[in-house]
Amino acid sequence: MTHILPFRQFVLKVHSRCDLACDHCYIYEHADQSWRGRPKAISDATASLVAERIAEHAVAHQLPEVHVVLHGGEPLLLGLERTRTVLTVLRDRIEPVTRLDLRIHTNGVLLDAEFCALFAEFGVRVGVSLDGDRASNDRHRRFANGRSSHSDVLRALALLRRPQFARLYAGILCTIDIGNDPVAVYEALAAERPPRVDLLLPHATWDTPPTRPNAARAQYADWLIAVFDRWQADGSPFPIRTFDSILAVLRGEPSQTESLGLTPSDLLVIETDGAIEQADSLKTAFDGAAATGLNIADHTLDEAAEHEGIEARQQGLAGLCRTCRLCPVVDVCGGGLYAHRFRSGTGFANPSVYCDDLKATILHVRSRTTTVREPSHALHAADFDGLASGYGSGEAVRSLAESQDSIRRKLVGTLIAETRSTASLAAAGDLLAELDSRAPQAVERVLRHSRTRAWAAECLDALHAGRAQAVRLNHLNALAAAAAVLAGATAELTVPVVAGAVRLPMVGSFPTRGQSDALVSITGSGITITCDTDRLRLEFGDPTPDPAWQPVHRLATRDFDICLEEADAYSEHQGSEIGRISATEAKAWQSGFADAIDLLAAGMPAYLPGLQAGLRALMPLGASRPDPAAATRESFGVVGAVLSEDPAALALQLVHTFQRVKIGGILDLFHLFDRSASVAVYNTPWHPDPLPLSGMLEEAYVGVGVTEFWRTARSAGGTTTEALAQAEFARWRRDTADAVGQLRDCADLTDLGRRFVDGMQLTVTTWFDDPAGQPVQAALRQTGALPRAEPETGLRAQR
């Protein structure tokens, strides 16, 4: 049976006409003119069939989430009531079987308060096209009579920024024109305060190449590099998908766009007449390029997944031409967008028509960004100050994460060097070194497992103390085996059985009754694990693997792809975590996590870039755990949480715990206080026992994040009542301000530590411009944000 890669993203064409006449539009102005024969609007019957097919597909493949984007033409031409009908049928048919992420992409001209209210009712996030300032936008995006659409689009974006609609604002899509000033375009987009920006290369092929006034230069790279440099200088104030995707792949993470990286495409287009098509971008290649000959009435989505055109966009490196396969940046570029490779005679077996531009852009980004191979141990001053405020840009948190990667690598490298006298460990170390040279992303992914740093440190401590028998040194073999699986290498290693299972970090586990070590054999076709009489054979790509195999679950949203990490005998809090995670539990976590992220995106959008850059795994905790969230400095990027039916509760846990993740990374990287001199302890309302200065810094920093959460939760809706949020905001504001006030009085802070505490104080001060049911001046004096007499609360440093 052919393994089917299921679709997770669906572009549903609800209207095939448009109210603008953009001369760069691939639907109307390029080779494929099939729109002329399509119905103008999707029928209710077709919409119902589409919903049925998607639900059927989700059930068959146990998809935790599907994404549906209403598209056109201009989808708002469908009208308010017809749009409501389509949204209702999608929700009614799909949501009973999986989580449904609904989006719409519009030119914004018809977007009004009524449409926004409808989208708020159905949770539809809205992406809007804007090519920059008026001059840049008007170069292409005009009405048929030549009138500018710019003011209409700005009005639509202003509507999406209103508090009641802010959670709907998905971002801006901007098509690049090298005739436009890149910095002016960037500034115009930034002025609209977008949650995300997509910078799109205009669709082109080798037959119809893009405009290049100077053919000797990679002018699209020049344009993108100018924007990247300005964006980075500004502290990456909002995500830009092209740059974030390059950075993500350089870190060994999946790309966020089909146009970069080697991740297989999981997108399908359904036209207004129910025709099933490939990606719309193919319409720029030749007439009929996107067609499959299939339709939603007569064919299942699994049949579409087996279409040769769909499969061609899912072959990764093997599907690229020889020139691309030999390119040093192929892992990042991925050959570029499939449509952009087309040339008559050779089809799509070519590099992208933007090959030079993509390569130059990737090399520039890589040269300006410290990669995981050589992590940075410094932050720009603006990044440091941003972290001190309680937030932190994606770039700042990324630097913290890279410093942690460096620490882990150094510990594991030292351990490998000190255990070379043991043959099996030397072989595992050699395999890791070999894989690190040819598949560094696989090694990096494995080393990021939550227990790697603590395990390596424990092993080194035991070796130096002459207690090697007290630790599992052969866990190094498990790391090497896991890296080999992810790299597609051939290897055979002896791996320990831990807590009744053979565990391959970041890959999966195999429960066994065997008592001895297991033999793990990895080939290009699969994995064989043998432990005493127990044996498992796992074929790569097998749609029905042995149920004994427990793969690592993942939590994926449009902006996150993290591990749902099960506890094992290596975990820091044994006995407190949940053990094996069932498919049902994983689905519940997927739904809860996605809802929590949506809530944070609506209420704390400035927090999301840092969370995206640093959150790597979530570990479920038992409900009886006294602390509802947990993180340890040795497990950077891993947060523990208790699943809740209330997305606000899980969102709060994410903020609470991720603040601990960040402050742990900061304390690892910087000396904020004199560790030899500090003997002060501090009382806080959050702990029964006095805390040392490091603990007080951590608790105050957590307080800043949690107070910000409650400040924004007052108007975020959901199951959290405004009265509760108001009360919690007042309480956390008071206690956090007092904690920060105590830190400001501390004589043991270094200059950098004082700067960090001053950054927290800047955020604290803003809270008192926002009354929460108590006299502001009294609150300021009580918390120490204004001068006061001798302390009345007793919450002061004790020498």
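Structural data are supplied above this passage.
Model, not experiment: these values are computed from the prediction.

Caption draft 1: Quick look at the environment of Val69. On the secondary structure map, Val69 appears in strand S2 (residues 65-71). For Val69, a relative accessible area of 17% translates into the label buried. Along the sequence, Val69 and Leu12 sit 57 residues apart, while their C-alpha atoms lie 5.9 Å from each other.

Caption draft 2: Representation of the packing of helix H23 (residues 693-713) against helix H25 (residues 751-767) within the structure. Axis separation between H23 and H25 bottoms out at 11 Å; the angle between their running directions is 30 degrees. Judged on the interaxial angle alone, H25 and H23 are roughly parallel. Handedness of the crossing formed by H23 with H25: left-handed. Of H25, the residues touching H23 (which contributes Leu697, Ala700, Tyr701, Gly703, Val704, Thr707, Glu708 and Arg711) are Phe756, Val757, Met760, Thr763 and Trp767. In the contact of H23 with H25, the residues fall into 8 nonpolar, 3 polar and 2 charged.

Caption draft 3: Highlighting helix H7 (residues 219-233). Over its 15 residues, H7 runs 21 Å from end to end, which matches the ideal 21 Å to within 8%, given 1.5 Å per residue. For H7, every residue scored as buried is listed here: Gln219, Tyr220, Ala221, Trp223, Leu224, Ile225, Val227, Phe228 and Trp231. The secondary structure elements touched by the buried residues of H7 are helix H6 (182-191), strand S6 (197-200), helix H8 (241-250) and helix H13 (355-368).

Caption draft 4: Layout of unusual backbone geometry. A cis amide bond links Gly72 with the next residue in sequence, Gly73, at an omega value of 15 degrees. One non-glycine residue, Ser236, lies in the positive phi region at around 50 degrees. With respect to the helices, strands and loops of the structure, Ser236 is situated in the loop between H7 and H8. A residue is classified by how much of its surface remains accessible, and Ser236, at 7% relative accessible area, is buried.

Caption draft 5: View of the pattern of salt bridges. Evaluated as defined, the whole model comprises 43 salt bridges. The partner of Asp595 in a salt bridge is Arg99, and the shortest N-O contact between them spans 2.6 Å. In this pair, Asp595 sits in helix H20 (residues 583-603) while Arg99 sits in strand S3 (residues 99-106), placing the two residues 496 residues apart along the sequence. Accessibility expressed as a relative area gives 30% for Asp595, which makes it partly exposed. Note that Arg731 and Glu728 form a salt bridge whose closest N and O atoms lie 2.7 Å from each other. Of the two residues, Arg731 and Glu728 both sit in helix H24 (residues 722-744), 3 residues apart, roughly one turn of that helix. Relative accessible area serves as the criterion here: at 34%, Arg731 is assigned to the partly exposed category. Several salt bridges converge on common partners, so that one network encompasses Lys13, Arg38, Glu271, Asp273, Glu277, Asp280 and Lys283.

What counts as what
Residues numbered from 1 in each chain as written. Predicted model: local features only at pLDDT ≥ 70, side-chain atom pairs only at ≥ 80, totals over all residues. Heavy atoms only, no water. Helix = DSSP H or I, 4+ residues; strand = E, 2+ residues; numbered from the N terminus. Buried < 20%, exposed > 50% of the residue type's maximum accessible area, 1.4 Å probe, protein only. Axes fitted to C-alpha atoms, helices over the stretch in contact; angles between N-to-C directions. Parallel < 35°, antiparallel > 145°, perpendicular 65-115°, else oblique. Left-handed = near helix turned anticlockwise from the far one by under 90°. Contact = heavy atoms within 4.5 Å. Nonpolar A, V, L, I, M, F, W, Y, C, P; charged D, E, K, R; others polar. Expected span 1.5 Å × (residues − 1). Salt bridge = Lys/Arg side-chain N within 4 Å of Asp/Glu carboxyl O.

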